[in-house]
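A structural walkthrough
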Amino acid sequence: MSLLVEDYLDGKPRLVGKRKLTRADRDAAFWSSAVILSLPVECWREESWLLALSRYFQQERVANLPLMKKIAEAAPESIVRAVRYSGLVLQQSSPRRTELDALATVSEEIAPA
């Protein structure tokens, strides 16, 4: 599984056939994957997966609320750290902010102080 996240963080794959993949395309493929939802929650505590999670909060195209709820229930500290790393506080109109409000109902650790 570590190769999966490392490829995502490295921006791979770069091509599909002759077509160059954009970061938005990679985000959509990665965050919509059934493999991601089936990962054990312990993965999201690892640094590389935490960095991938911070990328989730940086992007706006893809939402995966079931995955975020799963992580928020079992590893809320990972959500908190990923949000800090992502700079979400600077993105006032991001749909991830609304999602974060929903996650705050799942875990008190995520709720703003």
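The coordinates are above.
Now for a description of the structure that goes with this document. Quick caveat: nothing in here was measured; it's all calculated off a predicted structure. (Residues numbered from 1 in each chain as written. Predicted model: local features only at pLDDT ≥ 70, side-chain atom pairs only at ≥ 80, totals over all residues. Heavy atoms only, no water.)

**Overview of the pattern of salt bridges**
Enumeration according to the criterion identifies five salt bridges in this entry. Glu47 is paired through a salt bridge with Arg81; the nearest N and O atoms lie 3.1 Å apart. Of this pair, Glu47 sits in helix 4 (residues 47-58) while Arg81 sits in helix 6 (residues 76-86), and the two are 34 residues apart along the sequence. Residue Glu47 is classed as partly exposed on the basis of its relative accessible area, which comes to 41%. Look at Arg81 and you get partly exposed, because its relative accessible area is 31%. What you see here is one network of salt bridges that share partners, running through Arg19, Asp25 and Arg61. (Salt bridge = Lys/Arg side-chain N within 4 Å of Asp/Glu carboxyl O. Helix = DSSP H or I, 4+ residues; strand = E, 2+ residues; numbered from the N terminus. Buried < 20%, exposed > 50% of the residue type's maximum accessible area, 1.4 Å probe, protein only.)

So, to be careful, I would describe these as geometric facts and stop short of saying anything about function.
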